[in-house]
Amino acid sequence: MDVKIEESWKVILKDEFEKPYFKILTDFVRKEYQTQTVYPPAKLIFNAFDLCPFDKVKVVIIGQDPYHGPGQAHGLCFSVNDGIDVPPSLVNIYKEIKEDLGIEPPASGNLERWAKQGVLLLNATLTVRARTAGSHQNKGWEEFTDRVIKELSEKRKDVVFMLWGSYAQKKGAIIDTKKHCVLTSVHPSPLSAYRGFLGCKHFSKANEYLKSKGLAEICW
């Protein structure tokens, strides 16, 4: 099956695309795009991978679902297109970066600048039906993104994984903590951010770790 995804990921995940579940998933997703409004736009489903090749990944942030409102999702977790209001969780992420590193939050919620520096902004589920959160869960995407995390854990070293909230932590349970830096906290959502996300200092900790391994820091 020919999946349009950045070449290094295509090589790493080649056999995944041939598995029966992925064919079923592809058929489901294709039908959804034909009959429903689905986000992100089809050409951006693998945007996180296209902007951040396998061997360039330095940091992984795990989200759950794409945003399901018009014009928001563009294939990167927590990120929205330019000109769209910054979502509440990202407001808290920006707040923490300011507190941690003194960086003033930008007006835009577009995080492509992170992706291009090696931050893989990975949602567990890569598509969603408009205005229906969780509508594409348990269709196969989670199995696919588990494989992505497993490959990074096994074939790379010195990657920082930011696991925010119990869902991301459960998904990241397979990460080899001897080879990688795993940072955990509650989710940055307004419902939980005050219970430990704000003040977690994950952004400075990530940069300190990268620096200690002789890698360039992320300009957050």
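It should be noted that the structure appears before, not after, this text.
A. Fine view of the pattern of salt bridges. Under the counting rule described, the total for this entry stands at 14 salt bridges. When the shortest N-O distance is used, the salt bridge between Arg 147 and Asp 15 registers 2.9 Å. Here Arg 147, found in helix α7 (residues 141-155), pairs with Asp 15, found in helix α2 (residues 14-17); they are 132 residues apart in sequence, far enough to count as distant. Asp 15 gets classed as partly exposed once you look at its relative accessible area, which sits at 43%. Note that Glu 104 is salt-bridged to Lys 98, the shortest N-O span being 3.2 Å. The class for Glu 104 is exposed, based on a relative accessible area of 53%. Here the residues in one salt-bridge network are Asp 15, Glu 16, Lys 19, Arg 147, Glu 151 and Lys 155, joined through shared partners.

B. Quick peek at the pairing of strand β3 (residues 119-123). Burial runs high along β3: 5 of the 5 residues are buried. Side chains Val 119, Leu 121 and Asn 123 of β3 all project onto a buried face; the interleaved residues Leu 120 and Leu 122 project onto the opposite face, where all are buried too. Looking at chain direction, strand β2 (residues 59-63) and β3 are connected through 5 bridges and run parallel. Opposite Ile 62, over in β3, you have Leu 122 as the bridge partner.

Reading guide: rules and limits
Residues numbered from 1 in each chain as written. Predicted model: local features only at pLDDT ≥ 70, side-chain atom pairs only at ≥ 80, totals over all residues. Heavy atoms only, no water. Salt bridge = Lys/Arg side-chain N within 4 Å of Asp/Glu carboxyl O. Helix = DSSP H or I, 4+ residues; strand = E, 2+ residues; numbered from the N terminus. Buried < 20%, exposed > 50% of the residue type's maximum accessible area, 1.4 Å probe, protein only. Pairing = 2+ DSSP bridges.

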